Amino acid sequence: MKKTKKTSAYYPEKLLLTAGPSISKREIEYVTDAVKTGWNENFRDYLTRFEESFASYTNTKYAWGTSSGTGALHIALLACDIKKGDEVIVPEITFVATSNAVEFVGAKPVFVDVEPDTWCMDPVSFEKAITPKTKAVIPVHLYGHPANMTEINRIAKKHGLYVIEDACPAAGAEVRGKRVGGLSDIAAFSFQGAKTLVTGEGGMITTNNKKLFDKAVYWGNHAKDHSKIFWHTNVGYMYRMANILGALGLAQLERNDSFVESKKKIFSWYEEILGSVKGIHLNVEKPWAKNIYWMSSVVLDTDIPIKRDKLMSVLKKRNIDTRPFFYPISMFPMYKPQPKTNPNAYWVGTHGINLPSGVCLKKQQVEYIANQVKDIVQKG
Ligand SMILES: *Cc1c(COP(=O)(O)O)cnc(C)c1O
């Protein structure tokens, strides 16, 4: 009997997940050492090394580890003195934390549209939304593609606004050869377990501005006044990162370039099969940008024969996990219903899915997924 070719017969034994880190001997070694030695006078040795390496990686002067990306965004806003009565412009498509952090400080998030191809803040829509109350803008480097920082910074400068990067999912992404995190007044990163560089939960702020840095750390560390022990001058917050997580983060950072390579390769495997399929759009990379492809994704045209949620459920039956894009934030009940003035956001937010994108995915797995997507999209 003749054997058929093995490759086409691949079927995943377990659900292929959308994310998942790479953990090597290095992570285990650093974390184990931190557990053993990271106490008393050594209580933040690994954390300090992680912060210093991360500052150097992002070409910034200052970095401070936080317990989450959300916490990092919160203290970035506090450092910029954003408060009640102020407006902060955020893209309508982002993780809800971007907008929630604005609410935490009592300010009003104003949602603007995204570009149809990068899915990041549209600078034209941003400029139109500026009012006398606008104090800051938060561009988001969504799914690993950087926002158009050149334009956003130019407009913000013209209107005297703070620029806070939500770089949460994008460590290593670049604009005109410069890494994100150092392209604004202050930036926030996340190392939550589904990101590319992980500490389980965790985050970082980066900045070149000493005043903003000191204020952010002050707010994130109980509003401590360093002139006296246990003296506090405000109701502060507690967003410090643990040293053990710093050890994990340091090991991950030392390997981050290889993760970015893997993500790019995974995307290229998807692109080979899905790039020419009619009715779907994949991630892009603008000529001025380096995309780290945190999430390989597809956005469906409105007129293809299958609905987004149906596609996701059929894929699930074939052992492929997917995630819907972030919903347009103005759809959420806690945000005042706003008129649907951001058409691109409403299109990508209801027609996009993230495909499995974990750094350890193999070519055979990606080809299987891409072929299933192609098959379903074409047959309906
Ligand atoms: C992950 C993420 C966050 C929040 O990070 P946490 O560490 O979970 O608080 C914020 N914004 C964006 C765009 C993200 O992708």
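See the structure printed just above.
Residues numbered from 1 in each chain as written. Predicted model: local features only at pLDDT ≥ 70, side-chain atom pairs only at ≥ 80, totals over all residues. Heavy atoms only, no water.

Novice: Can you tell me about the overall build of the protein chain, naming the residues and giving the values?
Specialist: Looking only at helices and strands, the protein chain features 12 helices and 14 strands. Taking 2.2 N^0.38 as the reference for a compact globule, 380 residues should give roughly 21 Å; the C-alpha atoms of the protein chain span a radius of gyration of 21 Å, in line with that estimate. Overall size of the protein chain, expressed as C-alpha extent along the three principal axes, is 85 × 55 × 35 Å. Here the protein chain holds 380 residues, and the buried ones make up 56% of them. In the protein chain, the proportion of contacts linking residues at least 24 apart, taken out of those at least 6 apart, comes to 70%. About 17,600 Å² of surface is accessible on the protein chain, with carbon and sulfur atoms providing 55% of the total. (Helix = DSSP H or I, 4+ residues; strand = E, 2+ residues; numbered from the N terminus. Rg over C-alpha atoms; globule rule 2.2 N^0.38 Å. Buried < 20%, exposed > 50% of the residue type's maximum accessible area, 1.4 Å probe, protein only. Contact = heavy atoms within 4.5 Å. Areas by Shrake-Rupley, 256 points an atom, 1.4 Å probe, with all protein chains shown as cover.)

Novice: An account of the nonpolar core is requested, with residue identities and associated values reported.
Specialist: Within the largest apolar cluster, 60 residues are counted, with the highest numbers of intra-cluster contacts made by Phe50, Phe54, Ile89, Phe126, Val137, Phe189 and Phe191. Listed by contribution, the elements that provide at least two residues to this core are helix H1 (25-37), helix H2 (45-57), strand E3 (108-112), helix H6 (149-159), strand E8 (186-190), helix H8 (243-254) and helix H11 (343-351). Viewed by domain, this core spans two of them, domain 1 (25-253) and domain 2 (256-379), each represented by three or more residues. In terms of nonpolar packing, the next biggest core, distinct from the first, is built from 34 residues, Leu78, Val90, Val96 and Ile138 among them. (Core = buried A, V, L, I, M, F, W, Y, C linked by side-chain atoms within 4.5 Å. Domains from an automatic or database assignment.)

Novice: Run through H11, naming residues and quoting values.
Specialist: Those residues of H11 lying buried are Ala345, Tyr346, Val348 and Gly349. The secondary structure elements touched by the buried residues of H11 are strand E12 (297-300), helix H10 (308-317) and strand E14 (352-354).

Novice: So what's going on with the packing of aromatic side chains? Residues and values would help.
Specialist: Under the defined criterion, the tally for this structure stands at 19 aromatic pairs. Measuring from ring centre to ring centre gives 4.8 Å for Phe54 and Phe189, while their planes differ by 80 degrees; the resulting arrangement is edge-to-face. On the criterion of sequence distance, the pair formed by Phe54 in helix H2 and Phe189 in strand E8 is long-range, its members being 135 residues apart. By relative accessible area, which is 0% here, Phe189 ends up buried. With centroids separated by 6.0 Å and ring planes inclined at 35 degrees, the aromatic side chains of Tyr143 and Trp294 adopt a geometry described as tilted. (Phe/Tyr/Trp six-rings, centres within 6.5 Å; stacked < 30°, edge-to-face > 60°.)

Novice: Please set out H10 residue by residue, giving values where relevant.
Specialist: All of the buried residues in H10 are Arg308, Leu311, Met312, Val314 and Leu315. Seen along its axis, H10 keeps its buried residues to an arc of 165 degrees; they face one direction. Considering only its buried residues, H10 is in contact with E12, strand E13 (323-324), H11, E14 and helix H12 (363-379). Asn319 occupies a position one or two residues after H10 and carries a positive phi of about 65 degrees. (Arc of directions from axis to C-beta.)

Novice: Can you lay out the side chain of Asp321 for me, pointing to particular residues and giving the numbers?
Specialist: Within the fold, Asp321 resides in the loop between H10 and E13. We note that Asp321 is buried and unpaired, the nearest opposite charge coming from Lys316 at a distance of 4.2 Å. In terms of polar contacts, Asp321 uses its side chain to reach the backbone amide nitrogen of Thr18, at 3.4 Å. In this structure Asp321 touches Leu15, Leu16, Leu17, Thr18, Lys316 and Pro356, once residues within four positions along its chain are discounted. (Lys, Arg positive; Asp, Glu negative; His and termini not counted. Salt bridge = Lys/Arg side-chain N within 4 Å of Asp/Glu carboxyl O. Polar contact = N/O pair within 3.5 Å; in protein donor to acceptor, adjacent residues only side chain to side chain.)

Novice: Talk me through the environment of Glu201; I want residue IDs and the actual numbers.
Specialist: With respect to the helices, strands and loops of the structure, Glu201 is situated in the loop between E8 and strand E9 (203-207). Distance in space between the C-alpha atoms of Glu201 and Ser67 is 6.4 Å, their sequence separation being 134 residues. If we skip the residues at most four places from it in the chain, Glu201 touches Ser67, Phe191, Gln192 and Leu245.

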